[in-house]
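Secondary and tertiary structure notes
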Amino acid sequence: MALAVVAVVRRKLHGGEVDVALVPVAAVFAQDGWRIVGGLCIGCDGPVHSVLLVGERPPEEWTTLVLDGDSRTSAMLTKVLLAGPLAEQMAGIEVVDGPPGCGRDRARGTTGALVIGDAARELPDRIEHIIDLGEAWHAWTGHPFVFAVWAGRPDLPGEVVAHLRAAAGEGLARRESLYAGDDLEYVTKHIR
């Protein structure tokens, strides 16, 4: 098993260097021929607490929304919600792409931003307005949202899938021994 950033993992899977990898949903839709391993994903079924639109001022006052470059899937989810349940609240907002990790710093004045991951869980006090995208999606659709899935080549051997499922079960069973407090609540109640 190897650890790598998302772009490297996606490239290794595409190039046949790895059999299976955790990849963002946006990457799966952009790639033909990957087999999704059903039942194993990173998702949420309501508030996720780590994929947020944030700002110092209310969203109705935002003139610009910066999409943090760390997550194509979260950026796509933002755009879908802006065309759906957030359309009226944020009518006329300019949406711009930002570099990875920029969201928290760019959320100032009338600029809101997409913030993901640990940065979203550790917001500065100046950020008073938050829209949780997992919560917005669930309120709109009544369904969970999937951010990433395990995917592999089309001829992925059954034993690889079985090993992956066993590893997932072991990891889920160990959450309470690995995490405590807010982190344990996050991995057991918010991220699924």
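Computed from a prediction, not measured in an experiment: that's the story for all the values here.

Our next topic: the sheet that holds strand S3 (residues 51-55). The strand order across the open sheet formed by five strands is S5-S4-S6-S3-S7, and the pairing between neighbours is mixed. Every interior strand has two partners, whereas the edge strands, strand S5 (94-97) and strand S7 (129-132), have only one. Each neighbouring strand pair of the sheet contributes to a mean axis angle of 25 degrees, computed without reference to strand direction. Pairing of strand S4 (residues 64-67) with strand S6 (residues 111-116), which is carried by three bridges, proceeds in the parallel orientation. For Thr-64, the partnering residue across the bridge sits in S6 and is Thr-111. Running at roughly 150 degrees to S4, helix H3 (residues 72-83) makes contact with S3, S4, S5 and S6 of the sheet. Of the strands in this sheet, S3, S6 and S7 are in contact with helix H6 (residues 133-141), which crosses S7 at around 55 degrees.

Turning next to the packing of aromatic side chains. A complete count under the given rule lists three aromatic pairs for this structure. Considering the side-chain rings of Trp-137 and Trp-140, the 5.9 Å spacing of their centres and the 80 degrees angle between planes classify their relative orientation as edge-to-face. Within this pair, Trp-137 and its partner Trp-140 are both found in helix H6, separated by three residues, close to a single helical turn. Its relative accessible area of 17% is what places Trp-137 among the buried residues. When the centroid spacing of 5.3 Å and the interplanar angle of 75 degrees are considered together, the rings of Trp-137 and Phe-145 count as edge-to-face. Every member of this aromatic cluster is reached through a ring pair, and the members are Trp-137, Trp-140, Phe-145 and Phe-147. For the cation-ring pair, Arg-121 lies above Tyr-186, with the distance from its terminal atom to the ring centre recorded as 4.2 Å.

Right, let's get into the side chain of Ser-74. Relative to the assigned elements, Ser-74 resides in helix H3. If we ignore the near neighbours within four places in the chain, the residues touching Ser-74 are Val-51, Leu-114, Ile-116, Leu-133 and Phe-147.

The next thing to look at is the pairing of S5. With four bridges joining them, S4 and S5 adopt parallel strand pairing. Across the sheet, the residue bridging to Val-66 is Val-96, located in S5. Regarding the hand of the β-α-β motif, the stretch spanning S4, H3 and S5 is right-handed.

Moving on to the sheet that holds strand S2 (residues 35-44). Spatially, the three strands line up as an open sheet ordered S1-S8-S2, and their pairing is antiparallel. The outermost strands of the open sheet, each flanked by one partner alone, are strand S1 (20-24) and S2. In this sheet, neighbouring strand axes are inclined to one another by 30 degrees on average, regardless of whether the strands run parallel or antiparallel. As paired strands, S1 and strand S8 (residues 145-152) are joined by five bridges and run antiparallel to one another. By the bridge assignment for S8, Val-20 is matched with Gly-152. Where H3 meets the sheet, its contacts fall on S1 and S8, and the angle it forms with S8 comes to roughly 140 degrees.

Below, the discussion takes up the nonpolar core. One recurring pattern in soluble globular proteins is that nonpolar side chains are buried together. Ranked by internal contacts, the top residues of the largest apolar core, which has 25 residues, are Leu-53, Met-90, Leu-114 and Leu-133. Of all the elements in the fold, those that place two or more residues in this core are S3, S4, H3, S6, H6, S8 and helix H9 (181-190). Per element, the largest residue contribution to this core is four residues, and it comes from H3. Residues contacting Leu-53, with those up to four places away along its chain left out, are Trp-62, Leu-65, Thr-78, Leu-86, Met-90, Ala-113, Leu-114, His-129, Ile-130, Ile-131 and Leu-133. Residues Val-25, Trp-34, Val-149 and Ala-151 belong to the second largest nonpolar core, which totals 10 residues.

With that settled, consider the pattern of salt bridges. Within the structure shown, the criterion is met by seven salt bridges. Put simply, Lys-12 and Glu-17 hold a salt bridge, and the shortest N to O gap is 3.7 Å. A residue is classified by how much of its surface remains accessible, and Lys-12, at 30% relative accessible area, is partly exposed. Sharing partners across several salt bridges, the network here consists of Asp-19, Arg-153 and Asp-155.

Rules used in this analysis
Residues numbered from 1 in each chain as written. Predicted model: local features only at pLDDT ≥ 70, side-chain atom pairs only at ≥ 80, totals over all residues. Heavy atoms only, no water. Pairing = 2+ DSSP bridges. Helix = DSSP H or I, 4+ residues; strand = E, 2+ residues; numbered from the N terminus. Axes fitted to C-alpha atoms, helices over the stretch in contact; angles between N-to-C directions. Contact = heavy atoms within 4.5 Å. Phe/Tyr/Trp six-rings, centres within 6.5 Å; stacked < 30°, edge-to-face > 60°. Buried < 20%, exposed > 50% of the residue type's maximum accessible area, 1.4 Å probe, protein only. Lys NZ or Arg CZ within 6 Å of the ring centre and 35° of its normal. Right-handed = clockwise from strand over helix to strand, strands pointing away. Core = buried A, V, L, I, M, F, W, Y, C linked by side-chain atoms within 4.5 Å. Salt bridge = Lys/Arg side-chain N within 4 Å of Asp/Glu carboxyl O.

Spatial relationships are all this shows, so hold off on functional conclusions.
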